[in-house]
Every structure is written in structure tokens, then in C-alpha cells.
Amino acid sequence: MSLRRYGSLTVEISREEKPLFPGEGITKGDLIDYYEAVYDRMRSHLEDRPLVLRRFPDGIEKSGFYQKQAAEHFPDWIRTTRVQKQNGHQDLVVCDKKATLAFLADQATIALHGWLSREDRPDNPDRLVVDLDPSKDGFAPVRRAALRCRELLDEIDVPSFVKTTGSRGLHVVVPLDRRADFDSVRAFARELAGILAERFPDDLTIEQRKRKRRGRIYVDVGRNAYAQTAVLPYSVRARPGAPVAVPLRWDEVERGRIEPDSFTIGNLFRRLARTEDPWRSFRRRRISVTKAARRLENRKEEQQS
DNA sequence: GGGGCGA
DNA sequence: TCGCCCCAACGCCGG
DNA sequence: CCGGCG
Ligand SMILES: [Mn+2]
Ligand SMILES: [Mn+2]
């Protein structure tokens, strides 16, 4: 057992040498090192956001579990927030310091998923996510879908940001001013998805039924709802190679060199050292969904005339 | 990873 | 003392 | 209302 100190807090680390990614020999100690080092970049995406933990105490080759309710035995300095659910409430972890991230990593939390809203206004998302899910292999169509999504948003002066998920797809993310609730945001997102699928019916679909997708990319906006989550920027994924969800610049998507597993625990720091935060302007560019929806309506009218 | 519980 | 179990359930949508 | 989906 070893100890790591974070200011006045001490985290007991158990079994640093335990392999969590046996294929690559990546250990729990490596995971903790990673999250320690990435905390400063991750911080703005963690702040005030209820978390869902994806834990793999016996490594990614064994089954893991999701954890929402913070365990009784978590230290008292781990902050939690009470959220309402169908039949009562739950206390979810909120990460407000590096020590929390280190503790969660020691608990074999490989991936962190976050609500799209923050604790002070849980019904009003601060980001809209267009989740592009390929139904077959090949990343080029996903990159193209993301660029088409950005293009549509550009047409109505809505800023957009893109990240790899570390899995198979991409997320296109729009920062919101939180004046609109989930129902309004989702209605707008569904409108966007519908237009995209209409423009590119051979490549994109909004069909929920897998069988009806026919190999096309699923433009999933269903995550824009209360208590739903998306993988957080810089989260590791429980997949071979220890891939990471990484914010990108749009020109990187245009160049077409990025693959879903381009960034991993093992190579992300080269990038962080060389590249400034591609989402640096995220907060500055928050928008009103109500106004954006109005611009989308106007545009549709002028196009049919 | 760690607590609770029944054998 | 040891082995086993638990650790999320929810919200939306189309039919 | 059910079942599928993520
Ligand atoms: Mn996805
Ligand atoms: Mn999805």
C-alpha cells in the first residue's frame, strides 16, 4: 500500500501494480498517473457535474459495473450531489479536486460519464451532444458526418466542438447558456438530426431500430435528456489499448488522419504538451437554443420559397 | 475495491 | 472466516 | 402500453 498526497488530503493507493489493461500491461498505478496529469485539462468539464462511474476492479477483460450512488465508505471529502430520480433520489459524485480523481482511479474507475447539466440547474443542460454512432467499421464516414453537422450549425451561426469518444464514434458538442430545459434542447437537436438525415439519406439515419439503420451512421440525440450522460472529455475507455476521449480541432477532422483509437493513456501527453486546448473557447461561446431554433426555422422557410 | 451477508 | 453478491435503472421513442 | 435502445 502507498500514499499519495494532494494538498492536505491523502489517498491510500492499493495494488498499484494490478494490471487493468492486461493486453498492454497498463496498471492501476498508470491509470492514477494519467488522471493526475490530465486533471487540469479535465477540470472545466468536471465542475459541478454529477458523475456516473464505470469501474473495472478486475481489469477490462472481466466484467465491470456502473456506479451512480456514491458508496457509504467513500471518504467524507468526496463531494456528492443529490439528484432526483423516478422513485426518490441518489447522491452522485462530483469531482472538485485532483484527490477525488485519484481516489476514483484507485477504485478502478476507468471511465467517467457526466450529466449534460450541472447540479445547480439539473433540468437545464449546459451542452448539447450530437452523438455519431457508426453501425459498421470505418471512421471516414464518421468524420464526414461530423463535418456535415458542423456545416449545418455554421449555417445558423451556432458554434460546435468535436471530440473522439475513445470508442467508435465522434461527439459534436454545442455549449449552451442553460436558459432552455432538456425538452427544448432535445427538440432542437432532433430537428438538426432530421435535417442531416434528410440531406444525406444514404449515409445518416435517425432510426432507433438497429435493423432499420442499414449500415448508416446513427445520429443519436437521445442523450439530451434528464439524467442521461455522455463520456467526459479526457476520460479513458475500458477498451483494449486504453483509448481516451479527446477534444479535437475541426481542422484535424478535415485532415482525416484521426482514428477512434488515435489517443491513448500512453500517448496523450505528447499531444497535451504540443497542443493548446482545442476547446479553449467553449465557455465563451455558449448560445441560446431558443434563438438558434428560431434561426433554423427562418432558414427552412427561406429555402422552401 | 470493498462492504455486507449467510453459511 | 470465506465465498458470493452488489455496485444503473432511466428516459425516450416508435409501433 | 411494450420493447428497443443507449
Ligand atoms: Mn456514441
Ligand atoms: Mn449513442
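Residues numbered from 1 in each chain as written. Chains lettered and ligands numbered in written order. Predicted model: local features only at pLDDT ≥ 70, side-chain atom pairs only at ≥ 80, totals over all residues. Heavy atoms only, no water.

Draft legend 1. Structural context of the domain arrangement of chain A. When the domains of chain A are assigned, the result is domain 1 (2-115) and domain 2 (121-227 + 238-305). For domain 1 versus domain 2, the distance between C-alpha centres works out to 26 Å. Facing the 18 residues of domain 1 at the interface are 21 residues of domain 2. A combined buried area of about 1700 Å² lies between domain 1 and domain 2, and 63% of that area is made up of carbon and sulfur atoms. A per-residue breakdown of the area domain 1 buries against domain 2 is headed by Tyr34, Arg41 and Trp115, which together make up 39% of the total. Run the count over domain 1 and domain 2 and you get 2 salt bridges. Across the pair aspartate 126 and arginine 49 runs a salt bridge, and its minimum N-O distance is 2.8 Å. Summed over the shared surface of domain 1 and domain 2, the result is 7 residue pairs in polar contact (both at pLDDT 80 or more). Of all elements in the fold, only helix H1 (28-46), strand E7 (80-85) and strand E9 (109-115) reach the threshold of two or more residues within the side of domain 1 that touches domain 2. (Domains from an automatic or database assignment. Contact = heavy atoms within 4.5 Å. Buried area = accessible area lost by both parts, 1.4 Å probe. Salt bridge = Lys/Arg side-chain N within 4 Å of Asp/Glu carboxyl O. Polar contact = N/O pair within 3.5 Å; in protein donor to acceptor, adjacent residues only side chain to side chain. Helix = DSSP H or I, 4+ residues; strand = E, 2+ residues; numbered from the N terminus.)

Draft legend 2. Focus on the packing of aromatic side chains. Applying the stated criterion across every chain, the model contains 8 aromatic pairs. Ring centres of tryptophan 77 and phenylalanine 103 lie 6.2 Å apart, and the angle between their planes is 75 degrees; on these two criteria the pair is classed as edge-to-face. One end of the pair, tryptophan 77, is in the loop between strand E6 (65-67) and E7; the other, phenylalanine 103, is in helix H2 (residues 98-106), and 26 residues separate them in sequence. Of the two residues, tryptophan 77 and phenylalanine 103, neither departs from the other in class, the shared state being buried. The ring of tyrosine 66 carries the charged tip of arginine 54 above its face, separated from the ring centre by 4.3 Å. The ring of phenylalanine 200 carries arginine 148 above its face, with NZ or CZ at 3.7 Å from the centroid. (Phe/Tyr/Trp six-rings, centres within 6.5 Å; stacked < 30°, edge-to-face > 60°. Buried < 20%, exposed > 50% of the residue type's maximum accessible area, 1.4 Å probe, protein only. Lys NZ or Arg CZ within 6 Å of the ring centre and 35° of its normal.)

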